[in-house]
Amino acid sequence: MAAPLWPWSLFAAMIAAAGLPIYIHAPKFYVDTYGTSLAALGFTLAALRLIDVVQDPVLGWLAEAGRKHRATLVWIAALIMALAMIGLFAVTPPIAPLAWFALTLTLLFSGFSFLTITFYAQGVEKAAQLGPKGHFRLAGWRETGSLLGVSAAAVAPVALGSLTATPFTGFAIGFALLALIAATAMRREWVSTSPAPATSPGADLALFRPILADPFARRLLLIALLNAAPVAVTSTLFLFFVESRLNAPGLEGALLLLFFLSAAASAPLWSRSAARFGAKRSLLAAMALAIAAFLWAVALREGDILPFALICAASGAALGADLTLLPALFARRLASLGRGEGAGFGLWSFVSKLSLALAAATLLPALQAAGFTPGTTNTADALFALSLLYAALPCALKLLAMALLATTETGETPA
């Protein structure tokens, strides 16, 4: 009897629940609780994100070189994440709050990145045990769990706020318990049947060579970079758009929840679609849906909450395909290359986070140059610039990714 796949969903939910505080909860918590300067936090986050992007290939090498000890490394990383989350939200900083913020967040996102890379790398071997469509079957379980974890993390502090005066302490303790349960549930899944690679300096570099030398793997990495860019753009500008363009402050949480729940609900459907029609066809259909839905956001004005909610639902459903099928295609290619899963997903994580870094570095200065100022009354021209950057630019980037995928031969034979 085949082992159940629910531990993969649970572990994915745990990892995803840690991702949200890294980029959303923590900065606001430190501003509200300790009066930390917003400018100082912004500079610190930019520096930390740079570290995060650069270290991913190194963590990919560690996941690959430590293949024999993967179970132990996973337990260590999960423990580091649990303690870092408690330190970040439930412990009064024993040093300057900004320094404590930087230290605990560095530990948290390092554990997060290592577990993400190792988890996806292990999935390559797991999928091989599930049959010809194993990568897409596993992806359906994994990404549904991930999206449910993001959704739960988005609403947990608000829900706990009605029960306790210290909701983030409860959130941190709850996460630590989830990390313990998820690591326990996955304890038998870290067995590797592939030989551990050599660890000489030349061999370390060689871990990346088969991936970067493979035209199809390079093509998938480029598609991932282009396809992640629209999400990076909308993530960077979402709060500004809801507050200033729609004039709907306070609804950000509900709209984000709708977006992620739609993605979670659609992920199993996209997985089934890929099994029947092929991942390429399914991805192209999802990209077309994303463009058709999101382009309407350019025309939204103050008070257009319901139309924007429909856009969030439709674009969230399209995101479910991006998160499920593209990693599955890449995992299948890594399996055909025969080695380097950890290194491969280190590169995959690198290009995904590079999109976020580039978006943060370019979009906010562009908005400021257009005359946009958050939290104040803006001119019609400034608001139009916000709409173009938030809605039109992602659609243009998605078209580029769609064109690149359409001209890529995936070698699939749909049922």
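Provided above is the structure to which this section pertains.
In this report, the structure presented in the accompanying data block is examined. Computed from a predicted structure; not experimentally measured.

1. Side note on the side chain of Thr408
With respect to the helices, strands and loops of the structure, Thr408 is situated in the segment after helix 14 (380-406). A relative accessible area of 4% places Thr408 in the buried class. Apart from the residues lying within four places of it in its own chain, the contact partners of Thr408 are Phe216, Arg219, Ile223 and Lys280.

2. Some points on the packing of helix 9 (residues 215-245) against helix 14
With their axes 9 Å apart at the nearest point, helix 9 and helix 14 run at an angle of 165 degrees to one another. On the basis of the axis angle, helix 9 is roughly antiparallel to helix 14. Crossing hand, helix 9 versus helix 14: left-handed. In the contact of helix 9 with helix 14, the residues fall into 22 nonpolar, four polar and three charged.

3. Observations regarding the packing of aromatic side chains
What the rule picks out here adds up to 19 aromatic pairs. Ring centres of Phe11 and Phe119 lie 5.2 Å apart, and the angle between their planes is 40 degrees; on these two criteria the pair is classed as tilted. Highlighted residues: Phe11 in helix 1 (residues 6-34) and Phe119 in helix 4 (residues 97-128), separated in sequence by 108 residues. For the pair shown, Phe11 and Phe119 are each scored as buried. Geometrically, the ring pair formed by Phe294 and Tyr390 is tilted, given 5.2 Å between the ring centres and 50 degrees between the ring planes. Linking Phe294 in helix 11 (residues 279-294) with Tyr390 in helix 14, this pair joins segments that are 96 residues apart in sequence. Connected via pairs of aromatic rings, a cluster forms that spans Phe29, Tyr30, Tyr34, Phe89, Phe101, Phe168 and Phe171.

4. Some thoughts on empty space enclosed by the protein
In total, this model carries one cavity of 30 Å³ or more according to the counting rule given. If you add up the space inside the largest cavity, you get close to 30 Å³. At the level of elements, helix 4 and helix 5 (134-161) are the ones that each hand at least two residues to the lining of the largest cavity. The greatest single-element share of the lining of the largest cavity, amounting to four residues, is contributed by helix 5. Residues of the lining of the largest cavity, tallied by class, amount to five nonpolar, two polar and one charged.

5. Comments concerning the packing of helix 4 against helix 5
One way to put it is that helix 4 packs onto helix 5 with a least axis distance of 9 Å and a crossing angle of 140 degrees. One element, helix 4, and the other, helix 5, form an angle in the oblique class. For helix 4 against helix 5, the interelement crossing comes out right-handed. Contacts from Phe119, Tyr120, Gly123, Val124, Lys126 and Ala127 in helix 4 reach Gly134, His135, Leu138, Arg142 and Glu143 in helix 5.

6. Observations concerning the pattern of salt bridges
A complete count under the given rule lists three salt bridges for this structure. Residue Asp214 pairs with Arg333 through a salt bridge whose shortest N-O separation is 2.8 Å. Linking Asp214 in the loop between helix 8 (209-213) and helix 9 with Arg333 in helix 12 (residues 305-337), this pair joins segments that are 119 residues apart in sequence. With a relative accessible area of 8%, Asp214 lands in the buried category. The class for Arg333 is partly exposed, based on a relative accessible area of 25%. Note that Lys398 is salt-bridged to Asp322, the shortest N-O span being 2.9 Å. Taken together, the residues Lys398 in helix 14 and Asp322 in helix 12 connect sequence positions 76 residues apart. Under the relative-accessibility criterion, Lys398 is labelled buried at 6%. A relative accessible area of 9% means that Asp322 is categorised as buried.

How each quantity is defined
- Residues numbered from 1 in each chain as written.
- Predicted model: local features only at pLDDT ≥ 70, side-chain atom pairs only at ≥ 80, totals over all residues.
- Heavy atoms only, no water.
- Helix = DSSP H or I, 4+ residues; strand = E, 2+ residues; numbered from the N terminus.
- Buried < 20%, exposed > 50% of the residue type's maximum accessible area, 1.4 Å probe, protein only.
- Contact = heavy atoms within 4.5 Å.
- Axes fitted to C-alpha atoms, helices over the stretch in contact; angles between N-to-C directions.
- Parallel < 35°, antiparallel > 145°, perpendicular 65-115°, else oblique.
- Left-handed = near helix turned anticlockwise from the far one by under 90°.
- Nonpolar A, V, L, I, M, F, W, Y, C, P; charged D, E, K, R; others polar.
- Phe/Tyr/Trp six-rings, centres within 6.5 Å; stacked < 30°, edge-to-face > 60°.
- 1 Å grid on protein atoms, 1.4 Å probe; cavity = no way out; pocket = protein on both sides within 12 Å on 5 of 7 lines; lining within 4 Å.
- Points joined across faces, edges and corners; volume = space filled by probe spheres on them.
- Salt bridge = Lys/Arg side-chain N within 4 Å of Asp/Glu carboxyl O.

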